[in-house]
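# Notes for the structure review
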Amino acid sequence: MHWRSKLLHSSSHTPEGFRSLSIPIYRGSTVVFDKAADIIDDWRQETHGYTYGIYGSPTVLELGARIAEIEGAHHCFVVPGGQAAIALVYLTFCQAGSHGLVPYSAYGPSKEMAGGLLKGLGIEIETYDPAIGAEIAELIRPNTALIWTESPGSVTMEIQDVPAIVAAARAHGVPVALDNTYAAGVLFDAFKHDVNVCVQALTKYVGGHSDLLLGSVSVSSPELYEKVGSVWNQLGMAVSPDDASLALRGLQTLGIRLERLESSTLTVAKWLKDRPEIETVLHPALPDCPGHDLWKRDFSGSASVFSFVFGPEISAGKVLTFVDSLTLFRKGFSWGGTTSLVMVYPDMRRPNRDYEGRLVRLNIGLEEPDDLIADLSRALDRFGSRVEG
Ligand SMILES: *Cc1c(COP(=O)(O)O)cnc(C)c1O
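- As named in an unreviewed UniProt entry, the protein chain is homocysteine desulfhydrase, taken from Ktedonosporobacter rubrisoli.
- A UniProt comment under Cofactor (unreviewed entry) is attached to the protein chain, and it reads "pyridoxal 5'-phosphate".
- What UniProt states about the protein chain under its Sequence similarities (unreviewed entry) heading is, verbatim, "Belongs to the trans-sulfuration enzymes family."

## Section: the packing of helix 4 (residues 82–93) against helix 5 (residues 108–120)
- It is at 10 Å that the axes of helix 4 and helix 5 come closest, and there the two elements cross at 45°. Judged by the inter-axis angle, helix 4 sits oblique to helix 5. Handedness of the crossing formed by helix 4 with helix 5: right-handed. Residues Gln83, Ile86, Ala87, Tyr90 and Leu91 of helix 4 form the contact with helix 5, whose participating residues are Pro109, Ser110, Met113, Ala114 and Leu118.
- Of the residues contributing to the contact of helix 4 with helix 5, the split by class is eight nonpolar, two polar and no charged.

## A short note on the domain arrangement of the protein chain
- For the protein chain, the domain assignment lists domain 1 (54–249) and domain 2 (255–381).
- One C-alpha centre belongs to domain 1, the other to domain 2, and the line joining them spans 25 Å.
- At the interface, 30 residues of domain 1 touch 34 residues of domain 2.
- For the pair domain 1 and domain 2, the summed buried area comes to about 2,600 Å², and 63% of that belongs to carbon and sulfur atoms.
- Our enumeration of links across domain 1 and domain 2 arrives at one salt bridge.
- Put simply, Asp161 and Arg297 hold a salt bridge, and the shortest N to O gap is 2.7 Å.
- The tally of links between domain 1 and domain 2 comes to ten residue pairs in polar contact (both at pLDDT 80 or more).
- Of the residues assigned to the side of domain 1 that touches domain 2, the class counts are 14 nonpolar, twelve polar and four charged.

## Section: the pattern of salt bridges
- Tallied over the entire structure, the rule returns 17 salt bridges.
- Here Asp324 makes a salt bridge to Lys331, at a shortest N to O gap of 3.4 Å. Each member of the pair, Asp324 as well as Lys331, carries the same accessibility label: exposed.
- Through salt bridges that share partners, Asp42, Arg44 and Glu226 make up one connected network.

## Concerning the site of the ligand
- Among the 14 residues in the neighbourhood of the ligand, the closest are listed as Gly82, Gln83, Asp179, Thr203 and Lys204.
- Between the ligand and Gly82 there is a distance of 2.8 Å, counted from an oxygen atom to a backbone nitrogen or oxygen.
- Measuring from a nitrogen atom of the ligand, one finds a side-chain N or O atom of Asp179 at 2.6 Å.
- Of all the elements, helix 4 adds the most residues to the shell around the ligand, at three residues.
- Broken down by class, the residue content of the shell around the ligand amounts to five nonpolar, six polar and three charged.

## So, the UniProt feature "modified residue: N6-(pyridoxal phosphate)lysine" (unreviewed entry) in the protein chain
- Mapped onto the present numbering, the UniProt feature "modified residue: N6-(pyridoxal phosphate)lysine" (unreviewed entry) falls on Lys204.
- Structurally, the position occupied by Lys204 is in the loop between strand 6 (197–201) and strand 7 (215–219).
- With relative accessibility at 9%, the residue Lys204 sits in the buried group.

## Re the pairing of strand 7
- Of all five residues that make up strand 7, five are buried, and the element is covered over most of its length.
- Across five bridges, strand 1 (residues 75–79) lies against strand 7 in antiparallel orientation. Bridging across to strand 7, Phe77 finds its partner in Val217.
- Inspection of the sheet shows strand 6 paired to strand 7 by five bridges, in the antiparallel sense. Considered in strand 7, the bridge of Cys198 is made with Ser218.

Conventions we followed
Residues numbered from 1 in each chain as written. Predicted model: local features only at pLDDT ≥ 70, side-chain atom pairs only at ≥ 80, totals over all residues. Heavy atoms only, no water. UniProt positions renumbered as here; feature names shortened; annotations may be inferred. Axes fitted to C-alpha atoms, helices over the stretch in contact; angles between N-to-C directions. Helix = DSSP H or I, 4+ residues; strand = E, 2+ residues; numbered from the N terminus. Parallel < 35°, antiparallel > 145°, perpendicular 65-115°, else oblique. Left-handed = near helix turned anticlockwise from the far one by under 90°. Contact = heavy atoms within 4.5 Å. Nonpolar A, V, L, I, M, F, W, Y, C, P; charged D, E, K, R; others polar. Domains from an automatic or database assignment. Buried area = accessible area lost by both parts, 1.4 Å probe. Salt bridge = Lys/Arg side-chain N within 4 Å of Asp/Glu carboxyl O. Polar contact = N/O pair within 3.5 Å; in protein donor to acceptor, adjacent residues only side chain to side chain. Buried < 20%, exposed > 50% of the residue type's maximum accessible area, 1.4 Å probe, protein only. Near = heavy atom within 4 Å. Pairing = 2+ DSSP bridges.

Below, the structure is given as structure tokens:
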């Protein structure tokens, strides 16, 4: 053979049996079949063998299998991000003419999809009070195809009575999906609570280092594996094996990171609660958080993200000054990584409350809590003297 052909068709051999502790990164679009008769195109690679890279290389399937194992799911589809996971669930369960329910405390871009893409497809998504509990039954219509839950809610942190919602939905044969990102799939046991579909932004705690975007959609049964899988396959939600490899690495330290993040976050949240400038601390383990008793009943721990609200004497402009005075807390979206973050929501409103720019969200990272408190204290003190002056 010419050397140019040898570049593509090698007869070299490396020894087999390299037993590393790490999971190899398998890249590939084309998968090679042995015989012409073996050629099939099917997304169910667990049962049919490998067919095409879009359905996941072994690295990606390993990540899905491990998340399913930890969550107690029947199967987990790994998708390009948390928002992609939400889209997959919506597009699986809702068609033109469907009605769906989503708490008003849900992740912002999820509600944006409901009012944009889904509305355009003739799907009506109605928002509900996250504190609704069993009364969700009154909102269920004959065409209700999906009920979303997200607990705690994004930014305003409301804990939902997921068991009560599941019971009401079950009575009407409506599937329930849970965005379990806050709980990292572990602090709230979605499938023990009979949720049908559980999604996570793996971008947050599983990734854990702010360097990847991935999502997961886990299902409770073989029927839902077929139903979600068929739409997942049609949408072509392929995932990079390199990102999956980083998420597999993140999983190894998830336990110890969550433990440390919980204790540091509680230290900072409790310190903030005692500050006179602050009216409310919205952290599920603190009694001010709506649904705190449900958190105590249903969760095995708390995580690193929480919000607080300044008192009415503090203007929105002064809140921005406070945020800009922080040095260890970096300003940026997302959370669940190793670095502390601060985010301000000048337009945050809920049907029962306008926060008037006084709501701030923190993500606590792996820094020493004393240093984080010193940073907050400096910013509050500077800002306090301005309030007085
Ligand atoms: C961040 C987040 C998402 C979206 O995740 P991406 O990976 O950024 O798309 C979805 N749900 C919740 C609750 C989130 O916090």
